[in-house]
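Examination of the molecular architecture
The chain contents come next:
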Amino acid sequence: MHCQICKKNEATIHLTEISDGLRTETHLCERCAQKQGIAVKSQLPINELLSSLLAVQPADDELFGSSEKELSCPHCGFTLDQFTKEPVLGCPQDYDIFEKSLLPLIRKAHNGKTTHCGKIPSKAPADTKKQIELLNLRQQLDAAVQNEDYELAAKLRDKINQSEK
Amino acid sequence: MKLTDISSDINEWFNGQGPLADTVISSRIRLARNLAGHKFLSRCSTAEKSDILKMLKDVLMSLELGDKIFYISIDKAPTLNKHFLVERHLISRHHAFGKGPRGVVIAKREFFTAMINEEDHLRIQVLKGGLRLSQCAEQINRIDDMIEKKVDYAFSPRFGYLTACPTNLGTGIRVSVMLHLPALKIAGQIEKFLNAARDMDLAVRGLFGEGTEAAGDFYQLSNQVTLGISETDIISQFENTIIPEIVEYENAARSQLLANQIDVLDDKISRAMALLKNAHLISSQEALFLLSHLRLGINMHEHMGASTPAIERLCTSIAAGGDKDTDNPDALSITTINRLFMLTLPAHLQLNYGKPLDPTHRDVLRAKIIRSALNG
C-alpha cells in the first residue's frame, strides 16, 4: 500500500481515528508521518545518535573548561571527530580519556545506566571486586532515593558504610 | 573438515527440538571481549591483527568443548563459503565481508562459534534449539572462564568489559531469540509486537535475508542494553517474561485463526502448497514466504491438534514425500519443512550443488528440491 500523501513510498504507519463515532483510517510512510508531526519511535542508528549527542557537547566543554574535542589519545591517536564517522573507539584507555564526552552517549544507549553490574573476571584483584560492589550499591541507593523508598535507602547506606570500612 | 560435511543437513538449533520449538526456533547468547594491552581493531595494523588472530586461535583451538572444533580463515575464504557461514548463523555479515586478518572457530555440532577480529577481538556465541537461554548462559559462561584463564580481558571496574563500540559495554552480552510468528502476521498484529519490543529497548531483526526484513515470518529479538544490568537479569527477563508473553500472543492468534478464520488459514496453506508443489522457478524470498505457511499448518496440527481440510492434505503430502522415518512420523513433517527452509537458501543450494549458480539456475534447482520433497 502506498502512502496517501506522497503516493510513492510504502505506507508503514497506519492510523485509525475515531471521532464522533466516525472511523477514519490514514496510511502514511515514515517520512510523511514525521512531517505531519506524528511521532515514530524508531531505532536511531548509532552514528546519528552520536552526532546528535556530540553536537550538544560545547556547553559542557565550557562548563568544564576543557575540550575533549581537541584531544587525541596518546595510546592510539583516536579523536572524537573520528568517532562521529565510525562509532568505535581506538583502545580501552579511550573510555577514561574521553569519559566526559562519552558518558551522555553511554547513558542514552544503556537506559540511563553508567556503571557495570554483572560478571567480573575471576582474575580481577579483590579491591576491583569490592569497588564494583560499592558502585552497584551506590547505584541502587540513588534509585531507592529517586523512588522515595527511604527504608531501602537506609539499609543500602548502612551496607555502603560497612563496605567502606 | 569441509563445509560440505555440514551443508547437506540442517543444524541442531534449527531441527524443531527444545522447549516451545514450534514458535521459538532458537536461543543464542553472544559475548563481546577484547584483550587488555591491545588497541581495538579499527586502530590495529595488519600485523597487530595477525598477532591477535594467532594468539586467540591457539587459545580457542585448545578448548575442551566435548565436540570436534575447526578453524576457518575468513579473509582467505571464497565468497560462497562466506555466504554459507552467514546463512548458517555461524558468522555475522560484518565478519564475512569485513577487512583484514580474521577467522572463526566452530564446534562441529554448531552450538558454539567464536569470531576472531570481528568488531571486537573476540565474539563467542552459543546457540541452542528452542527456548534454552539458561543452558546457553551456563555453557558460554564456562567457555568464557576457560578462555579468561589464558588471556587478560580489557575490563574496567566502572564500565565492565570494554568493547570497541560503547553500545556493547559492560556485560558485552547479546541475548537473541529467534521466533516464528506467522499467525501474528496473518492477524495483522505484527506491528503491535514490533512497537512493544521497541518500547522495551529490544532490537527486532529478520532471521533470514538482508537487513531488517523478516522473510518467512522469522524474527530475531535481542537486548540492546548491556550496561548496568547483570547477565542473569537480562536472561531471566527474556526467558521468564518477554518470550513466554510473545509465544502466548502467537498461540492466541493461531487459536483465533482456527476458531474464526479457517478459510483464511486454509487459503494460505493451500495456495502455498499449490505453488510449492508445482513451481519450476522459485526465488529464495518466495520460498521462505510460502514455506512459512506450511510450517504454521504442521505446527498447528502437531501442537493444537488442528485438522482443517488444507492441513490434512498438507500432512498427507509430506508423509508421502522424500524423507521417511516411520519411528517418528510427526517429527519428520516439521523436520522436512525446516530442512527446506535452510537447504534452499542461496549459498546452501550452491555449495550442495558443487559450484556457483546464477540466480535463474538457483531458482530452478530450489523449485526442484521443494517439488521432490512435497510430491514424493
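None of the values given here were measured: they were computed from a predicted structure.

Let us now look at the overall build of chain A. Along chain A, the regular secondary structure elements total eight helices and two strands. The buried share of chain A, reckoned over its 165 residues, is 20%. Partitioning the contacts of chain A with sequence separation of at least 6, the portion at a separation of at least 24 is 34%.

What follows deals with the confidence of the model for chain A. Interpretation of the predicted coordinates at a detailed level should be avoided for regions scoring low in pLDDT. Residue and element names in this part refer to chain A. Predicted confidence across chain A gives a mean pLDDT of 80, with 81% of residues reaching 70 or more. Between the elements of chain A, mean pLDDT differs from a low of 47, seen in helix H3 (residues 57-64), to a high of 95, seen in helix H5 (residues 94-97). In the model, residues 58-65 has pLDDT below 50 throughout and makes five contacts with residues more than four positions away in sequence or in other chains.

A few words on the packing of helix H10 (residues 284-304) of chain B against helix H11 (residues 309-319) of chain B. Between two packed helices, both the angle of their axes relative to each other and the distance between the axes serve to describe the pair. Residue and element names in this part refer to chain B. Where H10 contacts H11, the two axes come as close as 10 Å, and the packing angle between them is 100 degrees. One element, H10, and the other, H11, form an angle in the roughly perpendicular class. Of H11, the residues touching H10 (which contributes Leu294, Gly297, Ile298, Met300 and His301) are Ala310, Ile311, Leu314 and Cys315. Its residues assigned to classes, the contact of H10 with H11 comprises seven nonpolar, two polar and no charged.

It is worth spelling out the interface of chain A and chain B at this point. The partner chain B presents 36 residues to the 36 residues of chain A that form the contact. Of all the elements in the fold, those that place two or more residues in the side of chain A that touches chain B are helix H6 (99-109) and helix H7 (126-146) of chain A. No other element matches the five residues that H7(A) contributes to the side of chain A that touches chain B. Split into classes, the residues belonging to the side of chain A that touches chain B amount to 18 nonpolar, 13 polar and five charged.

Moving on, we come to the environment of A:Cys29. All names here are of chain A. Turning to its location among the elements, cysteine 29 is positioned in the loop between strand S2 (22-28) and helix H1 (30-35). Classification of cysteine 29 as buried rests on a count of 21 C-beta atoms within 10 Å. Separated by 64 residues in sequence, cysteine 29 and glutamine 93 place their C-alpha atoms 43 Å apart. The residues contacting cysteine 29, other than those within four sequence positions of it, are Cys3, Cys6, Asn9, Glu10, Ala11 and Thr12.

Moving on to the sheet that holds strand S3 (residues 103-107) of chain B. All names here are of chain B. The eight strands are arranged S2-S3-S4-S5-S1-S8-S10-S9 in an open sheet whose pairing can be described as antiparallel. Each edge of the open sheet is held by one strand with a lone partner, namely strand S2 (69-73) and strand S9 (202-206). Pairs of neighbouring strands in the sheet enclose a mean axial angle of 20 degrees, with direction left out of account. The strands that helix H8 (residues 231-260) touches are strand S1 (24-33), strand S8 (173-180) and strand S10 (218-223); relative to S8, the one it contacts most, it runs at about 15 degrees.

Non-glycine residue A:Glu148 carries a positive phi angle of around 60 degrees. A positive phi angle, near 65 degrees, is found at B:His89, a position not held by glycine. One can find B:His89 in the loop between helix H3 (79-87) and helix H4 (93-96).

Definitions and limits used
- Residues numbered from 1 in each chain as written.
- Chains lettered and ligands numbered in written order.
- Predicted model: local features only at pLDDT ≥ 70, side-chain atom pairs only at ≥ 80, totals over all residues.
- Helix = DSSP H or I, 4+ residues; strand = E, 2+ residues; numbered from the N terminus.
- Buried ≥ 20, exposed ≤ 12 C-beta atoms within 10 Å, placed from the backbone.
- Contact = placed C-beta atoms within 7 Å.
- pLDDT = per-residue confidence, 0-100.
- Axes fitted to C-alpha atoms, helices over the stretch in contact; angles between N-to-C directions.
- Parallel < 35°, antiparallel > 145°, perpendicular 65-115°, else oblique.
- Nonpolar A, V, L, I, M, F, W, Y, C, P; charged D, E, K, R; others polar.
- Pairing = 2+ DSSP bridges.

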